[in-house]
Amino acid sequence: MDSHRKRPTPHALSDQSVTLDEHSKIEDLSTNTANPGEALTDNMGHVVSDDQNTLKAGERGPGLLEDFFFREKMHHFDHERIPERVVHARGTGAHGYFELTESLEDYTHARVLTQVGKRTPVFVRFSTVVGFRGSPDTPRDVRGFAVKLYTEEGNWDLVGNNIPVFFIQDAIKFPDLVHAIKPEPHNEIPQAASAHDTFFDFISLTPESMHMMMWLLSDRTLPRAFDNMEGFGVHTFRLINAAGESHFVKFHWKPVLGVKSLLWDESQKIAGKDPDFQRRKLWETLDEGGTLEWEFGVQIFSAEQAGTWDFDILDATKIVPEDLVPVRRVGRLVLNRNVDNFFAETEQVAFMPTNIVPGIDFTNDPLLQGRTFSYLDTQLLRLGGPNWQELPINRPLAPVHNNQRDGHMRQTINRGRVSYFPNRLGGNKPTHMGDAGFVSYPEEVRGTKRRARAESFGDHYGQARLFWNSMTPVEKEHMVKAWSFELAMCEEREVRVRMLEHLARVNEILAEQVAYAIGELPQTEGVAEPGGAQDSADEVARLAGAESPTSASGGLHKASALSMEEGQPQSAKGRKVAVLVAPGVDAEQVAQAQQALKAAGAQAVVIGPRLGEIAPGVHAEKSLINSDPVLFDALLIPGGEASVRVLAQRPEALHFVADTYRHAKPLAAIAEGHALLSASPVASGLNVLGDTGPAFGILKGSGADATLTALVAALAQHRFWGRPQA
Ligand code: HDE
């Protein structure tokens, strides 16, 4: 631990001090919000008489140039678009607050990390990376998790992802990576997908990406909802305390509802059935008064500790396993408010890793160093000029005083004649605060100028193996399928074969199964037929033992907190259950289901053959025509003989049973409802409809109460793997 000058008491900052609470940013934004109002006006406040007809010389005559109402309206419309983000174009934002529950004052003097109980306003934007602004929410992709904290000491942006590592070690490779993964430039295909030649061509020549690739092709990149994913600051940062001592830190967001994923088949179907799936979920939750919540965690370690590990903490392709440094949970993030206007807030918000506050600092991670340039640079193009910091969503709550002036669309009206320093005319204000301001950690740096990569960055496979070893057999099987899908989509055999060589260096069984799936291996005994059973017992058993020796992993063979199946919180909260009804349905059972699920924080969505009243007191809010099993977490079929008879005649209802079954989600049927399960070709004939059913999440009860209790528990369990397939 290095010790440097003690930080002075910031008495000189007293005129700079602000006191904030969780509502401060919303109050600040409200000075710019506008309501519809009464009379229609143009932008200059002139009341408009008729906005539907242009001014013409005679009813059938030519338009007149003097029609300033028309020209202004059309001019504004013509300029409504701004460039979308070059990456992370598709995103969704929300407001909330950050609350510290445990002080980190031993490690940092940042007020936001030392004032326990303080609620700091935040704006968070979740995003996919590759797709265009209008692309669906659910492709296989890394998710951005960008948090802007409007702290008393200025904005702190923690611009992270839902994966703790990155593809490359040095920022200079970022444009290549992004060019390779974006749609191919000659035909702009494919949209929002990594499964194509240019991406895997690049990856096959960039072995440092193999750890990240294991995460990318795991279920981590198919999050069910925003609050079912973790967030990571990725890089190692520094914390500096009041005594000037430095520690290293990794930042984490842990979802209270646990990390949960969709299946690949669901993700693909949802992209068509509801491209706004996650955006809508967030919107509806907050609109109904709900919240999304994460715990804030830190892994803090010293330079001495880091010196004992066989990987470099400046290498963004490596994690610090939680078994080496446990995550201390010291705060929480709560999202509780939708935006008022998507463009003004979510689209115009500008995140920058360089927005940090005193007490936090960068490290020499060469990826982070490059990011410190790119984000500032990109805002100029996207937001059009140097005054984008003044946009309501971007401006800090901490006061701003400096000598910067003018530029496009300047909002601030700076008083006085002084816009330089030093000055006598303005009493030398605003003043430099010396050590009471942001001071970079005075790390001693020495070296020969070189374009080089440190040797300590040289192990590209060790942590990829650690990740693979840490997966459950089912997770491994999903990864085999994901790799098989992605490589099968590559048309160039050379690319596929090069990738197999890298896979073999991670794990031979993984490589062998993928090789078989993409036709690079003849039928061999012991290799399961891919694409058959969802989780064929053979394949799963074989993968259970498929492990590899690790390196660059701090001596660990497996690491905790990597699997999404183990150690995650389980909760029925936020889950949506499809309740299939038709005339004659047992209305009381429907009401009981609505109540029981609501009490568990879940939601029953009544789906009928058509919308409206289906039986006394039973209203269908969705119909078989505009709903689909992939949009729900479970299926419930209430009793009522006539109802079930109608449903059994509808292919959509049978499809509900089939897909819910195939996707390993809970299926519950009460009394006569059992008949719909038996009517489905998928489940009929399989012994899961008997005694073994509950183990597979097939819940058949004669009464509502017991079935609903079992359903709530099954929802929390999320998936039931290993169901026999017809
Ligand atoms: Fe970004 N990244 N990035 N990135 N990134 C952008 O900035 C960049 C990286 C991340 O919701 C851009 O304003 C470089 C890692 C998020 O508005 C751009 C490198 C991580 C968002 C940019 C990286 C991220 C961005 C595009 C390699 C996780 C969306 C628009 C050195 C720690 C923020 C913009 C939002 C956005 C550059 C790598 C996270 C071009 C050069 C690693 C969440 O500036």
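Residues numbered from 1 in each chain as written. Predicted model: local features only at pLDDT ≥ 70, side-chain atom pairs only at ≥ 80, totals over all residues.

Is there a simple way to think about the pairing of strand E3 (residues 143-151) in this case?
Side chains on a regular strand alternate between the two faces of the sheet. E3 sits mainly inside the fold: nine of its nine residues count as buried. Here E3 shows two buried faces, one formed by Arg143, Phe145, Val147, Leu149 and Thr151 and the other by Gly144, Ala146, Lys148 and Tyr150. Relative to E3, strand E2 (residues 119-128) is paired through seven bridges, and the arrangement is antiparallel. Following the sheet pairing, serine 127 is matched in E3 by glycine 144. (Buried ≥ 20, exposed ≤ 12 C-beta atoms within 10 Å, placed from the backbone. Helix = DSSP H or I, 4+ residues; strand = E, 2+ residues; numbered from the N terminus. Pairing = 2+ DSSP bridges.)

What is the right way to look at the UniProt feature "domain: Catalase core" (unreviewed entry) in the protein chain in this model?
Residues given the UniProt feature "domain: Catalase core" (unreviewed entry) here are residues 41-429. When the span residues 41-429 is considered, its composition is 22% helix and 19% strand, and the gap between its end C-alpha atoms is 42 Å. (UniProt positions renumbered as here; feature names shortened; annotations may be inferred.)

I would appreciate a short explanation of helix H14 (residues 508-517) in the present structure.
Given 3.6 residues to a turn, an α-helix orients residues that are three or four positions apart in the same direction. Taken across its 10 residues, H14 has eight buried, putting it largely inside the fold. Among all positions in H14, only Ile509, Leu510, Ala511, Glu512, Gln513, Val514, Ala515 and Ala517 are buried. Those residues of H14 that are buried are in contact with helix H11 (462-469), helix H12 (473-488), helix H13 (493-506) and helix H15 (537-544). Two residues or fewer past H14, glycine 519 is found with a positive phi of approximately 80°. (Contact = placed C-beta atoms within 7 Å.)

What am I meant to see in the UniProt feature "active site" (unreviewed entry) in the protein chain here?
In this numbering, the UniProt entry assigns the feature "active site" (unreviewed entry) to His88 and Asn161. Spanning 74 residues, the named residues nonetheless gather at one spot, since no C-alpha pair among them exceeds 10.5 Å. Structurally, histidine 88 can be placed in the loop between helix H2 (68-78) and strand E1 (91-100). On the basis of neighbour count, histidine 88 is assigned to the buried category, with 23 C-beta atoms found within 10 Å. Non-local contacts of histidine 88, meaning those with residues more than four positions away in its chain, are made with Ser127, Val129 and Gly144. In this structure, asparagine 161 sits in strand E4 (residues 154-161). Once you skip the residues sitting within four places of it in the chain, asparagine 161 turns out to touch Val142, Arg143, Gly144, Phe145, Phe232 and Val234.

Quick question: what am I supposed to make of the domain arrangement of the protein chain here?
Bring the parts together and some accessible area is lost; that lost area is often taken as the interface size. According to the domain assignment, the protein chain contains domain 1 (91-390) and domain 2 (576-717). Opposite the seven residues of domain 1 that make contact, domain 2 presents four residues. Partitioning the side of domain 1 that touches domain 2 into residue classes produces two nonpolar, no polar and five charged. (Domains from an automatic or database assignment. Nonpolar A, V, L, I, M, F, W, Y, C, P; charged D, E, K, R; others polar.)

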